[in-house]
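So you can see what is in the structure, the chains are spelled out below.
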Amino acid sequence: MQTNFAPEQLSDPRIAEAERILRRCVHCGLCTAVCPTYVLFGDERDSPRGRIYLIKDMLERGREKPPTPQVRHHVDRCLTCLSCMTTCPSGVDYMHLVDIARAEIAERTTRSSKERMLRRLLTFVIPYPRRFRFALKMAPLARPLIPLLERFGLKEAAAMLALAPVSPALRSGRFLGPGTAVTHGTRRARVILMTGCVQQVLRPDINDATIRLLARRGVDVVVADGAGCCGAVVQHMGEAEEAKAFARRNVDAWWKEIARGEVDAIIVNASGCGTTVKDYGHMLRHDPAYAEKAKRVSSLARDVAEFLFDYKLGAPERWSGLRVAYHSACSLQHGQQIHDEPRALLKQAGFAVVDVPEGHLCCGSAGTYNILQSEIAGQLKARKLDNIRATRADVVAAGNIGCITHLENASDTPFAHTVELIDWAYGGPVPVGLEHLAGYMTDVPKPRRQVEDFIET
Ligand code: SF4
Ligand code: SF4
């Protein structure tokens, strides 16, 4: 793509980076067919190619002219699902381009006071587990107000309340950290586990299952003091500096362990966070105090499925043959290009894995998208649930808490994190919500030969 930036514009590293990305686009349009918003609306401006043109135009106009409402509207409607990046034959780095666009929009436009308040509220609450837990406890009291909020056009507030769990009784995990879960047997690896922000409040069982499974199979698991939210929530709202502050905090917390030289990986079990942590090296590349450390952190980051696949868990201790629909979170399949590993692990653990039709299309969760763009998110959610229903599965496995929370409250099929199902087959308790399926899991292990045959098919 031809660009027309003045030399003084290109002296800004952000514009120079955008120009490099823009120039790779050959406007072939292959990305349009896989873009959820283009699939829904058929509007070029809601496609990756259309957004790329809008962003180019916004950046070329220069800092004197503010971004138009049109560019903000269509960039806001982007889910950051990165499906376009998987498809693009030219290697256009849309993820960093849209990050630049969002930061420009945040700095150079003023949103309505309602939008500003809502965004401030989300960034004040979501990344902080204590605040988030308190908000979730309060949510059921405000739930009866949902119809009223919708009537007065406060659909984002209504969407936020609808997402909160119905029961105020939030589960508390067995291992909250900081600390180290020491392996029961001979140590084969030592890892840091990122416990994140919302996941440890909404479903602490996922961290418990991860720690239990790893510790049982020879891995020491460290939960570092001071680590927290990865920064994705604020990053996707254009708050680039705030996102960097979260990244620095995590780098500092993990560096104490890494500097001792005994860390084999940083395990992330929420794929939305994993995509961001793997990008810390890029995010902090201009920060002399953090660039090298952030690069090292990113190189150590592994999604839990990625780590377990390479680690070779061996045969499971139990066998169920339950039919599992694998929902591939966008942040895992497009953001991290992890496709086969979770499926292979589930098969190895004795589950019959089926794919969800239209698996490349986002479910509409996308961080805070299901609050800020609740109507589009609702349409994508309904489409995804129809596709899940068609699999006739006993349970849905997913590797991202965002997707699980977004979909499970309207699904006939229960959801579990992939690692919860694997932990169950390898000796852990039945995942919460799957108690009715407990009878299908037999303690009699299959002969090893049969397990391997099953993987090969
Ligand atoms: S597929 Fe890639 S090169 Fe083609 S239009 Fe989309 S972003 Fe541009
Ligand atoms: S990130 Fe997703 S929603 Fe955004 S342009 Fe790419 S495919 Fe479309």
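Refer to the structure presented above.
These numbers were taken from a predicted model, which means no experiment stands behind them. Residue positions are counted from 1 within each chain, in the order its sequence is given. Labels follow written order: the first chain is A, the first ligand is 1, and so on. Whole-chain, interface and lining totals are the exception, using all residues; otherwise, since this is a predicted model, local features are given only for residues with pLDDT of at least 70 and side-chain atom pairs are given and counted only at 80 or more.

Enquirer: Hey, could you run me through the overall build of the chain in this one?
Expert: Across its full length, the chain carries 26 helices and nine strands. Taking 2.2 N^0.38 as the reference for a compact globule, 457 residues should give roughly 23 Å; the C-alpha atoms of the chain span a radius of gyration of 22 Å, in line with that estimate. Structurally, the chain occupies a C-alpha span of about 70 × 55 × 45 Å along its principal axes. Residues classed as buried in the chain amount to 46% of the 457 residues present. Whether two residues are in contact is decided by their C-beta atoms, placed from the backbone, lying within 7 Å. Restricting the contact set of the chain to residue pairs at least 6 apart, pairs at least 24 apart contribute 75%. In this description a helix means any DSSP run of H or I spanning at least four residues, a strand means any run of E spanning at least two, and both kinds are numbered starting from the N terminus. Here the radius of gyration uses the C-alpha set of atoms, whereas the globule reference equals 2.2 Å times the residue count to the power 0.38. With C-beta atoms placed from the backbone, the exposure class of a residue follows from how many other C-beta atoms lie within 10 Å of its own: 20 or more, buried; 12 or fewer, exposed; in between, partly exposed.

Enquirer: Would you mind showing me how to read the nonpolar core here?
Expert: For soluble globular proteins, the rule of thumb is that nonpolar side chains tend to be buried together. Think of a nonpolar core as buried Ala, Val, Leu, Ile, Met, Phe, Trp, Tyr and Cys residues, each tied to the set through C-beta atoms within 7 Å. Core analysis: the largest hydrophobic core is formed by 126 residues, its most contacted members being Val191, Ile192, Ile266, Ile267, Val324, Leu421 and Ile422. Ignoring any residue separated from it by four or fewer positions in sequence, one finds Ile266 in contact with Val191, Ile192, Met194, Trp254, Val277, Val297, Leu300, Ala301 and Arg302.

Enquirer: Just checking my understanding: could you explain the site of ligand 2 for this structure?
Expert: In this analysis, residues qualify as near a molecule or strand once their C-beta atom, positioned from backbone atoms, comes within 6 Å of it. In the region of ligand 2, 13 residues are neighbours, and Cys35, Pro48, Cys78, Cys81 and Cys84 sit closest. Elements that contribute at least two residues to the shell around ligand 2 include exactly α3 (36–41), α4 (48–60) and α6 (83–87). Three categories are distinguished: nonpolar for Ala, Val, Leu, Ile, Met, Phe, Trp, Tyr, Cys and Pro, charged for Asp, Glu, Lys and Arg, and polar for the others, with Gly belonging to the last. The residue inventory of the shell around ligand 2, partitioned by class, reads nine nonpolar, three polar and one charged.

Enquirer: So what exactly am I meant to see when it comes to the pairing of strand β8 (residues 395–398) here?
Expert: Two faces belong to every sheet, and in a regular strand the side chains alternate between them. Every second residue of β8 is oriented toward a common face, with Val395 and Ala397 on one face and Val396 and Ala398 on the other, all of them buried. Any two strands with at least two DSSP bridges between them are considered paired. Summarising the sheet, strand β6 (residues 323–327) and β8 pair through four bridges and their orientation is parallel. The residue of β8 that forms the bridge with His327 is Ala398. Looking at chain direction, β8 and strand β9 (residues 415–417) are connected through three bridges and run parallel. The partner of Val396 across the bridge, within β9, is Phe415. For the segment spanning β8, helix α24 (residues 401–408) and β9, crossover handedness is right-handed. Orient the strands so they point away from the viewer; a crossover is then right-handed if the path from the first strand over the helix to the second runs clockwise.

Enquirer: Please explain the sheet that holds β8 as it appears in this structure.
Expert: In sheet architecture, strand pairing relies on hydrogen bonds along the backbone and comes in two forms, parallel and antiparallel. Reading across from one edge, β7-β6-β8-β9 is the order of the four strands in this open sheet, with parallel pairing throughout. Of all strands in the sheet, those with a lone pairing partner are β7 (352–355) and β9, marking the two edges. Averaged over all adjacent pairs, the angle separating strand axes in this sheet is 35°, with direction ignored. Between the N-to-C directions of two axes lies an angle of 0 to 180 degrees, each axis being a line fitted to C-alpha atoms and, for a helix, fitted only over the stretch in contact. Docked against the sheet, helix α25 (residues 418–425) engages β6, β8 and β9, running at close to 80° with respect to β9.

Enquirer: How should I be thinking about the sheet that holds strand β4 (residues 265–268) in this particular structure?
Expert: Strand order in the open sheet formed by five strands is β1-β3-β2-β4-β5, and the pairing between neighbours is mixed. For this open sheet the edge positions go to β1 (179–181) and β5 (301–303), each flanked by a neighbour on one side alone. Ignoring which end each strand starts from, the neighbouring axes of this sheet average 35° apart. Sheet analysis places strand β2 (residues 189–194) next to β4, joined by four bridges and oriented parallel. What sits directly across from Ile192, in β4, is Ile266. The strands that helix α19 (residues 304–311) touches are β4 and β5; relative to β5, the one it contacts most, it runs at about 90°.

Enquirer: How should I be thinking about the site of ligand 1 in this particular structure?
Expert: In the vicinity of ligand 1 lie 15 residues, with Cys25, Cys28, Cys31, Cys88 and Ser90 positioned nearest. Elements with a minimum of two residues in the shell around ligand 1: α4 and α6. The dominant element in the shell around ligand 1, judged by the number of residues it contributes, is α4, at three residues. Along the lines of polarity and charge, the residues of the shell around ligand 1 split into ten nonpolar, four polar and one charged.

Enquirer: I tried to follow the environment of Asp303 on my own but got confused; where do I start?
Expert: Here Asp303 is to be found in strand β5. Sequence-wise, Asp303 and Glu239 are 64 residues apart; in three dimensions their C-alpha atoms are separated by 25 Å. Non-local contacts of Asp303, meaning those with residues more than four positions away in its chain, are made with Val268, Ser271, Gly274, Leu332, Gln336, Ile338 and Gly399.

Enquirer: Hey, could you run me through the environment of Gly272 in this one?
Expert: Looking at the element boundaries, Gly272 is found in helix α16 (residues 271–277). Separated by 42 residues in the primary sequence, Gly272 and Cys230 have C-alpha atoms spaced 9.1 Å apart. In this structure, Gly272 is in contact with Ala232, Ser331, Gly367, Asn400 and Gly402, ignoring residues within four places of it in sequence.

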